[in-house]
Amino acid sequence: MMQAPGLRPAGPFSEAERDAVYRAINERRDVRSQFQPDPIPDEVLMRLLRAAHAAPSVGFMQPWNFLLVRDPAVRARIRTAFERANDEAREMFEGGRRDLYSQLKLQGISEAPVNLCITCDRSRGGKVVLGRTHCHDTDLYSTVCAVQNLWLAARAEGIGVGWVSIFHDDDLREILHLPDHVVPVAYLCLGTVKELYATPELEARGWRDRLPLEDLILEDRWPDPVGAAREPAEPQR
Ligand SMILES: Cc1cc2c(cc1C)N(C[C@H](O)[C@H](O)[C@H](O)COP(=O)(O)O)c1[nH]c(=O)[nH]c(=O)c1N2
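The structure displayed is predicted, hence computed values, not measured ones.

Participant: Is there a simple way to think about the site of the ligand in this case?
Facilitator: The environment of the ligand is formed by Arg28, Arg29, Asp30, Arg32, Leu106, Trp163, Val164, Ser165, Ile166, Pro200 and Leu202. In this structure, an oxygen atom belonging to the ligand sits 2.7 Å away from a side-chain N or O atom of Arg32. Contacts to the ligand include Ser165, whose side-chain N or O atom sits 2.8 Å from a nitrogen atom. Contact with the protein chains removes 73% of the 620 Å² of surface that the ligand exposes when unbound. Residues of the shell around the ligand, tallied by class, amount to 6 nonpolar, 1 polar and 4 charged.

Participant: Looking at this model, I keep getting lost on the packing of helix H2 (residues 42–53) against helix H5 (residues 138–157). Mind explaining?
Facilitator: Helix-helix packing: each pair is described by the crossing angle between the helix axes and the interaxial distance. The contact between H2 and H5 brings their axes to 7 Å, and the two run at 145°. Here H2 runs over H5; the crossing is right-handed. Counting all contacts with H2, which are made through Val44, Arg47, Leu48, Leu49, Ala51 and Ala52, the residues of H5 involved are Ala146, Asn149, Leu150, Ala153, Ala154 and Glu157. Of the residues in the contact of H2 with H5, the class split is 9 nonpolar, 1 polar and 2 charged.

Participant: What exactly am I supposed to notice about the side chain of Arg75 here?
Facilitator: As for its position among the elements, Arg75 is in helix H3 (residues 72–91). Within the buried core, Arg75 has no salt-bridge partner, and the shortest N-O distance to an opposite charge, that of Glu111, equals 7.4 Å. Ignoring sequence-local partners within four residues, the contact set of Arg75 consists of Val69, Ile109, Ser110, Ala112, Pro113, Val114 and Asn115.

Participant: Got a minute to help me understand the nonpolar core in this structure?
Facilitator: Generally speaking, a soluble globular protein has its nonpolar side chains buried in company with each other. Judged by nonpolar contacts, the single largest core of 27 residues is most densely connected at Ile78, Phe82, Ile109, Ile166, Phe167, Leu176 and Tyr187. Going through the elements one at a time, H3, helix H4 (95–103), helix H6 (169–176) and strand S4 (182–192) are the ones with two or more residues in this core. Considering every element that reaches this core, the biggest residue donor is H3, with 5 residues. Within the second largest apolar cluster, 26 residues are counted, among which are Val44, Trp64, Cys120 and Leu190.

Each value, and the rule that gives it
Residues numbered from 1 in each chain as written. Predicted model: local features only at pLDDT ≥ 70, side-chain atom pairs only at ≥ 80, totals over all residues. Heavy atoms only, no water. Near = heavy atom within 4 Å. Polar contact = N/O pair within 3.5 Å; in protein donor to acceptor, adjacent residues only side chain to side chain. Areas by Shrake-Rupley, 256 points an atom, 1.4 Å probe, with all protein chains shown as cover. Nonpolar A, V, L, I, M, F, W, Y, C, P; charged D, E, K, R; others polar. Axes fitted to C-alpha atoms, helices over the stretch in contact; angles between N-to-C directions. Helix = DSSP H or I, 4+ residues; strand = E, 2+ residues; numbered from the N terminus. Left-handed = near helix turned anticlockwise from the far one by under 90°. Contact = heavy atoms within 4.5 Å. Buried < 20%, exposed > 50% of the residue type's maximum accessible area, 1.4 Å probe, protein only. Lys, Arg positive; Asp, Glu negative; His and termini not counted. Salt bridge = Lys/Arg side-chain N within 4 Å of Asp/Glu carboxyl O. Core = buried A, V, L, I, M, F, W, Y, C linked by side-chain atoms within 4.5 Å.

Structure (structure tokens):
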């Protein structure tokens, strides 16, 4: 059969290709402390950024920028901003949770050879963007898709990625000189890794377990709380 112009065949991948995709998904980990000091070769970094840039985006808005943070002085300020927020975060937990929190390493800002802030420019594409007309935050969701693409590609490249979000938004904005219309969506630490946790580190360290998938699958509508009978809808007056 003739292929329509612009289309290409879209059958399933070969078994080996499929396995590789699921392997990247299942073995991807958030990395805080296993970074090797060696630099990431430019061509590898470019492949990761291309993977991010291939992400879906609302109205094809492509609202992301990739801000590479190389200046040690800027990194030092980012690290200080993390410490400030992390001291506050620790106090939000109580008792044994606070003790466990204190033992967790939650960033690799100084050790990772590459720091990358993926931002969302909320003005890109103009005032009215296809698909964003009623759900304004879809530009942010799009940017998160770019982050996830990069994270998966990084696993395939043997590069670890750690997402650090324990910051005051204003601190990041000030340090990175972000204008008001640009949101710092993800601050990422990247570097070569030789080992990764087999399960999420937070699970391995007893912070939280993975939920059973079966408990998360719903049908048709959100279930009523146990024992609560649904009131018949009041007629509108
Ligand atoms: C939006 C967002 C923000 C953060 C994270 C993730 C995401 C998606 N994660 C990583 C998070 O803890 C991790 O993904 C989960 O624990 C699951 O582990 P794996 O990613 O499967 O290794 C994360 N980890 C960390 O040590 N410090 C942090 O500030 C954050 N922030």
